[in-house]
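Spelled out from the first residue to the last, the chains are:
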Amino acid sequence: YFEVNGFRRDQVTWLPVAFDLTRMPPMRGRNLYENGLLQCDLVFVGTPGIYMDRYAEWQYDDELGVKYCSKFKDFARSDLNKYIGYNNLSFEYAERAEYLIRLSQDFDLRIYDHCQPPVYWSALQRGKIGFNRSLRYDICTRVFEIPAAGLLLCTDSQPMLDKLFANHCYLQYIDHFQPQFHNFTLDYDCLWRQLKETLLMWDDKNNQWGFQEQVDALQNHVLENHSYLNRVDKIIEIWERQYKS
């Protein structure tokens, strides 16, 4: 877009969003099996796209002091009233909602109510795997927050993630954007198999430490390269280079 409008390639730099390191408690060297936080297979913290006030069966995390949902009240799969957008009645998060609903039926999943740091980070750490489904295949803050908290990231296929994560280990599922949910079950079945295989390997005592090492490697990479402090340093570097030239 910028090149078409007259900019040279060397005049354009792409900086994605990042995570707020200044609001995050120290978490280096997190051990999933010894810190007592781990309580579920999958965790999601954010806007689920589900009409939670009507369909969620809330439970309470006494230690963190926040609500979470693991199961939903029965509704027909064709019931569109289960979807709700960001503070409105649109379907912008419908795909994310459908994934979360189906995952709650097949896995030990927790969807946490909105919470602020430091509780936000502790809520993330309840799960072995942090789930993300982007709004429109965008790089969002959550894809950095999940590994920064020491979880295995599971996200839909997004451009540039391999480059941003320097080919460290994470789960990336193929998702065809389908407003009408054509073949959605096929996409979900692929994700289901990927998660099932990963959790089986993870729970194998012989593989636990190997997984932990891979998760720790991505955590360290994200902590060192993808905070907003890193982005500010990059902006200053670009500005100084432009100023000197």
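Before any of the text, the structure's been laid out above.
## Describing the overall build of the protein
Argument step 1. Of the regular secondary structure elements, the protein holds eight helices and seven strands.
Argument step 2. Computed over the C-alpha atoms, the radius of gyration of the protein is 19 Å, within 12% of the 18 Å expected from 2.2 N^0.38 for a compact globule of 245 residues.
Argument step 3. In terms of overall dimensions, the protein has a C-alpha envelope of 65 × 45 × 35 Å along the principal axes.
Argument step 4. Every one of the 245 residues in the protein was classed for burial, and the buried ones make up 47%.
Argument step 5. For the protein, restricting intrachain contacts to residue pairs at least 6 apart in sequence, the fraction spanning at least 24 positions comes to 70%.
Argument step 6. Counting only carbon and sulfur atoms, one obtains 52% of the accessible surface of the protein, whose full area is about 13100 Å².

## Considerations on the sheet that holds strand 6 (residues 152-156)
Argument step 1. Across the sheet, which stays open at both edges, the seven strands sit in the order 2-3-4-1-5-6-7 with mixed pairing between neighbours. Looking at the sheet topology across the chains shown, the edges are occupied by strand 2 (56-61) and strand 7 (171-173). Here the strands of the sheet are splayed against their neighbours by 30 degrees on average, with no regard to which way each runs.
Argument step 2. Of the strand pairs in this sheet, strand 1 (residues 40-45) and strand 5 (residues 127-132) are connected by three bridges, and their pairing is parallel. Looking at the pairing, cysteine 40 lines up with glycine 127 of strand 5.
Argument step 3. Here helix 2 (residues 94-106) sits on the sheet in contact with strand 1, strand 3 (66-72), strand 4 (109-112), strand 5 and strand 7, set at roughly 75 degrees to strand 3.

## Topic: the pattern of salt bridges
Argument step 1. Scanning the model with the defined rule gives eleven salt bridges in all.
Argument step 2. Its salt-bridge partner being arginine 133, residue aspartate 175 comes within 2.9 Å of it at the nearest N-O pair. Of this pair, aspartate 175 sits in the loop between strand 7 and helix 6 (184-202) while arginine 133 sits in the loop between strand 5 and helix 4 (142-148), and the two are 42 residues apart along the sequence. Accessibility classification places aspartate 175 together with arginine 133 in one group, the buried group.
Argument step 3. Among the salt bridges present, the one from glutamate 237 reaches lysine 234, with a minimum N-O distance of 3.4 Å. Remark: lysine 234 and glutamate 237 occur in helix 8 (residues 228-244); sequence separation between them is three residues, near one turn of the helix.
Argument step 4. Taking the relative accessible area as the measure of exposure, lysine 234 reaches 30% and is therefore partly exposed.
Argument step 5. A single network of salt bridges, built from pairs that share partners, joins Asp61, Glu63, Arg110 and Arg126.

## Details of the packing of aromatic side chains
In this description, an aromatic ring pair is defined by two values, namely the gap between the centres and the angle between the planes.
Argument step 1. Per the stated rule, a full pass over the model turns up 13 aromatic pairs.
Argument step 2. Here the aromatic rings of tyrosine 99 and phenylalanine 131 are separated by 6.1 Å at their centres, their planes lie at 50 degrees, and the arrangement is tilted. One end of the pair, tyrosine 99, is in helix 2; the other, phenylalanine 131, is in strand 5, and 32 residues separate them in sequence.
Argument step 3. Taking the relative accessible area as the measure of exposure, phenylalanine 131 reaches 1% and is therefore buried.
Argument step 4. Residues tyrosine 99 and phenylalanine 184 carry aromatic rings whose centres are separated by 4.8 Å and whose planes lie at 50 degrees to one another, so their mutual orientation is tilted. Placement of tyrosine 99 in helix 2 and of phenylalanine 184 in helix 6 is noted, with a sequence separation of 85 residues between them.

## Observations regarding unusual backbone geometry
Argument step 1. For the bond from proline 117 to proline 118, the omega torsion is 5 degrees, close enough to zero to count as cis.
Argument step 2. For proline 118, the location among the structural elements is in the loop between strand 4 and helix 3 (119-124).
Argument step 3. The backbone of tyrosine 137 shows a phi angle near 55 degrees, a positive value even though the residue is not glycine.
Argument step 4. Position of tyrosine 137 relative to the elements: it lies in the loop between strand 5 and helix 4.
Argument step 5. Its relative accessible area of 27% is what places tyrosine 137 among the partly exposed residues.

What counts and what doesn't
Throughout, a residue's number is its position along its own chain's written sequence, starting from 1. Whole-chain, interface and lining totals are the exception, using all residues; otherwise, since this is a predicted model, local features are given only for residues with pLDDT of at least 70 and side-chain atom pairs are given and counted only at 80 or more. The side-chain figures draw on all heavy atoms in the structure; neither hydrogens nor water molecules are used. Helix numbering and strand numbering both begin at the N terminus, where a helix is a DSSP run of H or I of at least 4 residues and a strand a DSSP run of E of at least 2. As a reference, a globule follows 2.2 Å times the number of residues to the power 0.38, and the radius of gyration itself is taken over C-alpha atoms. Exposure classes here rest on a 1.4 Å probe applied to the protein chains alone. A residue is buried below 20% of its type maximum, exposed above 50%, and partly exposed in between. The contact rule is simple, with two residues in contact once any of their heavy atoms fall within 4.5 Å. A 1.4 Å probe and the Shrake-Rupley method give the accessible areas. Residues count as covered only by the protein chains that appear here. Two strands are said to pair when DSSP picks up at least two bridges between them. Fitting a line to C-alpha atoms yields each axis, with helices limited to the stretch in contact; the angle taken between N-to-C directions then spans 0 to 180 degrees. By convention in these notes, a salt bridge is any Lys or Arg side-chain nitrogen within 4 Å of a carboxyl oxygen on Asp or Glu. For this analysis, a ring pair means two rings from Phe, Tyr or Trp (six-membered ring only for Trp) whose centres lie within 6.5 Å, classed as stacked if their planes differ by under 30 degrees, edge-to-face if by over 60, and tilted for the remaining angles.

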